[in-house]
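If you want the building blocks of each chain, they are given just below.
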Amino acid sequence: MVSILIGIKKRFLNLDKWHHLFGIVGVIAVIGFYNMLYAFSFFPLTEGWFSAYAHLILDGKIPYRDFYMFLTPFYPMALAAVVDLFGESFFVLRVVGILIVISIAVLLYLILARRFSPSASMVATITACIYYQSGVAHIPYDFTQVLTLFTLAATWMLVLASSETPSTEIVTWRSLVVRRVLMAGFFATLAFMTKQSNGAFVAVAAGAGCIYVALPWGRSFWKLIIAFGGGCLIPITVMLVWLLQVDALIEFWEQIFGGALSAKGSLDHVLFAWFKGLLTHVFVIQMTTMGKWAAIIIAVSFILSKALSFIYRPPLDNRIKFVLLISLALMCIMVILNSYMGSPILAAHIGEFGLRANNYIIPITTSTSAVLFLVGAISCFFPTVRKYTSPSVVVLGIMSAGMIWGNGTSAGLSEVGVFAMFALVLAGMMNLRIFRYAGFTAALVLIVSFIFTFSSRKFDVPYTWWGVKEPSVREAIYLSKTPILRGIQMSQHTAESIDAMASSLAKGTQEGDVFAFPNIPLAYLVANRWPNSKIVIPWFDFLPDVPARAEAVRLLANPPAIIVNLKLPPAAWGAHERLFREGRPLGQRDIQNAIVDLTERRKLYRLDFSSEVSPGCALEVWHRIAF
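Model, not experiment: these values are computed from the prediction.

Cut-offs and rules
- Residues numbered from 1 in each chain as written.
- Predicted model: local features only at pLDDT ≥ 70, side-chain atom pairs only at ≥ 80, totals over all residues.
- Heavy atoms only, no water.
- Helix = DSSP H or I, 4+ residues; strand = E, 2+ residues; numbered from the N terminus.
- Rg over C-alpha atoms; globule rule 2.2 N^0.38 Å.
- Contact = heavy atoms within 4.5 Å.
- Lys, Arg positive; Asp, Glu negative; His and termini not counted.
- Charge placed at Lys NZ, Arg CZ, Asp CG, Glu CD.
- Salt bridge = Lys/Arg side-chain N within 4 Å of Asp/Glu carboxyl O.
- Buried < 20%, exposed > 50% of the residue type's maximum accessible area, 1.4 Å probe, protein only.
- Pairing = 2+ DSSP bridges.
- Axes fitted to C-alpha atoms, helices over the stretch in contact; angles between N-to-C directions.
- Parallel < 35°, antiparallel > 145°, perpendicular 65-115°, else oblique.
- Left-handed = near helix turned anticlockwise from the far one by under 90°.
- Nonpolar A, V, L, I, M, F, W, Y, C, P; charged D, E, K, R; others polar.
- Patch = residues over 30% accessible without salt bridge, like charges linked within 9 Å, V, L, I, M, F, W, Y side chains within 5 Å.
- Areas by Shrake-Rupley, 256 points an atom, 1.4 Å probe, with all protein chains shown as cover.
- Polar contact = N/O pair within 3.5 Å; in protein donor to acceptor, adjacent residues only side chain to side chain.
- Expected span 1.5 Å × (residues − 1).

Draft legend 1. Seen up close, the overall build of the chain. A tally of regular secondary structure across the chain gives 24 helices and eight strands. Its C-alpha atoms give the chain a radius of gyration of 26 Å, within 12% of the compact-globule value 25 Å for 627 residues. Each principal axis of the C-alpha atoms in the chain carries an extent, and together these give about 95 × 60 × 55 Å. Look at the contacts in the chain between residues 6 or more apart in sequence, and 75% of them connect residues 24 or more apart. Considering the chain, the positive charge centre built from 48 side chains and the negative charge centre built from 34 side chains are found 14 Å apart.

Written as structure tokens, this is what we have:
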């Protein structure tokens, strides 16, 4: 009876588990609070790409066969399921997005907590996730967030598998380690099915992580590899069977592995362009500076450790640990509140420091990931190396290498690729013995400055992307009259522009098609009128040149009833031609010329609405003149 009571006490009164529960609650509370302050307070005209795809899917259209979709199918299909369940509402999608971001934060916390204390894991996760969301075009429910969620889910499965003690007994298919690597393969493949470029590198990294996890299991190595491969095959098989059933397999192959690549440029450019811009003299200077500061912090920590060694320091009481967790969570909330209120004192000091320190995040995180990947590779050949490393940390480093490289092929080096390593670096500063005292203090200073800097940047400019810029969320006190936007607050100018566009689209006859260019499928959702074409989104790196030029020919031969044109600044065109066409004209230039020819030269249309939605960026709605 006594042993039973002791077992119950260990299971249900384990204070370490309660500490981690408090850490998770802190992460959810802070990240949820932060998102509530801004996620419903802006709306860019360029939002709604995949909502348009979801609408077409629910209308019975088949991706690839009935409309172009240069992306693997999971995300649009999942979005269609959400829309089918809750109706077309951007408010609902933002709620779903917040839940996705919170899930990302919880998974990152769980991964860090395998090696670091609850307090270090909590504040590192909070800071890294606020950094993750600081991207200029972050939308909470975007496919990037779904891909990150699956990536961290695969990482978590591998981390759990790495914690299993290798057994000399025969591993069965019901063994926990087998199920975990199988689920790692399943989630990694779902990442690929969300976006093929980023997801392919995630899947490769997960395979490398599986090899690292499986090698210590000796004769059972191949069983774990097979289990991982089986997990990968589950979603792939379902997708292929569906594509065969709807007769879209050939179109899928051509668009995903042909068209999408040509829209981004050559394979060499896609794979290595981001990397060529990393190893520069600036990178060397940044790493040298970081090395100096790390040496200073380590030296101060060593001196303090020796100087205070004569003082008896009892282990922290459990109540003190709980107080520390609550205090750190409240500290994060207070910093976010000060940021939202625009504290001039913090902006002048802490904010400025955070901006300077931000320049060092990508160099240190990419280097850390590379080192951990190499450690994982070396330990595969020299097993004794494993004794001096933390398997969970190495697995995170391997997966982060895939995240960084995959994100580099799509958006270059950015917050999305490096945020997990950023969290690891912060947690290490707070917990590793070589950073004792000074490292913890330095990490807290960095955390406060980073949270203030990143949240201020998000509150000031929640969205800016190739000419479309949304003002401060503090100005977002207006509601649009357009039903699909019910519940989303936005600036007065944005609300008036969208409502005016909706009003213009509703004028006159409701017959004939609408053509929206180049990145505003919101017009289709508002009007519920679509182009007589397979092209829904003719964006520069989303539509190859050949179909873009064919679309220009179609427009001239069969002018649509309404043209909605977002006139972007010349810099947006020039930048994409440099990035993806080596300076050559984009195929979308032909579409632009066709619109100018129809509207301004041949005078076949009248301008019903025009507004400058952002400096140098004008929205126009043209109605065809009846003859």
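We are not done yet, so read on.
Draft legend 2. View of the pattern of salt bridges. In this structure the tally under the stated criterion is 14 salt bridges. A salt bridge links Arg601 to Asp597; the shortest N-O distance between them is 4.0 Å. Of this pair, Arg601 and Asp597 both sit in helix α24 (residues 588-601), four residues apart, which is roughly one turn of the helix. In this structure, the salt-bridge partner of Asp597 is Arg602, at a minimum N-O distance of 3.4 Å.

Draft legend 3. Spotlight on the pairing of strand β6 (residues 562-567). Counting buried residues in β6 gives five out of six residues, a clear majority hidden from the surface. In this structure, strand β5 (residues 514-517) lies alongside β6, joined through four bridges in parallel fashion. By the bridge assignment, Phe517 is partnered in β6 with Asn565. Alignment of β6 against strand β8 (residues 617-624), held across six bridges, turns out to be antiparallel. Paired with Ile563 across the two strands is Trp622, which belongs to β8.

Draft legend 4. Main features of the sheet that holds β5. Read from one edge to the other, the open sheet built from four strands follows the order β5-β6-β8-β7, with strand pairing classed as mixed. Since the sheet does not close on itself, it has two edges, and those belong to β5 and β7 (605-614), each with one partner. Between one strand axis and the next, the sheet turns by 10° as a mean value, whatever way the strands run. The sheet contacts of α24 involve β5, β6, β7 and β8, and relative to β5 the element is tilted by about 125°.

Draft legend 5. Structural view of the packing of helix α7 (residues 143-162) against helix α8 (residues 176-194). Relative orientation of the contacting elements α7 and α8 amounts to 165°, with a least axis distance of 8 Å. When the axes of α7 and α8 are compared, the pair comes out roughly antiparallel. Of the two possible hands of crossing, α7 and α8 adopt the one that is left-handed. From α7, Phe143, Val146, Leu147, Phe150, Thr151, Ala153, Ala154, Met157, Leu158, Leu160 and Ala161 reach across to α8, where they touch Val177, Arg180, Val181, Met183, Ala184, Phe187, Ala188, Leu190, Ala191 and Thr194. Among the residues making up the contact of α7 with α8, the classes are represented as 18 nonpolar, two polar and one charged.

Draft legend 6. Inspection of a nonpolar patch on the surface at higher detail. On the surface, Trp18, Leu21, Phe22, Val25, Ile326 and Leu330 cluster together to form a nonpolar patch covering roughly 530 Å² of accessible area. A per-element tally of the nonpolar patch places helix α2 (residues 15-38) first, with four residues.

Draft legend 7. Fine view of the environment of Asp513. Mapped onto the secondary structure, Asp513 falls in the loop between α20 (492-505) and β5. Spatially, the C-alpha atom of Asp513 lies 5.0 Å from that of Pro531, the residues being 18 residues apart in sequence. Once residues lying within four places of it in the same chain are set aside, the contact partners of Asp513 are Arg529, Trp530, Pro531, Asn532, Arg554, Pro560, Ala561 and Ile562. Polar contacts involving the side chain of Asp513 include one to the main-chain amide nitrogen of Asn532, which spans 3.3 Å.

Draft legend 8. Focus on helix α4 (residues 74-86). Its 13 residues give α4 an end-to-end C-alpha distance of 18 Å, which sits within 8% of 18 Å, the value for a rise of 1.5 Å per residue. Against the buried residues of α4 lie α3 (49-58), α5 (90-113), α7 and α8. Once α4 ends, the next one or two residues include Gly87, with phi positive near 90°.

Keep in mind these numbers describe shape, not what the thing actually does.
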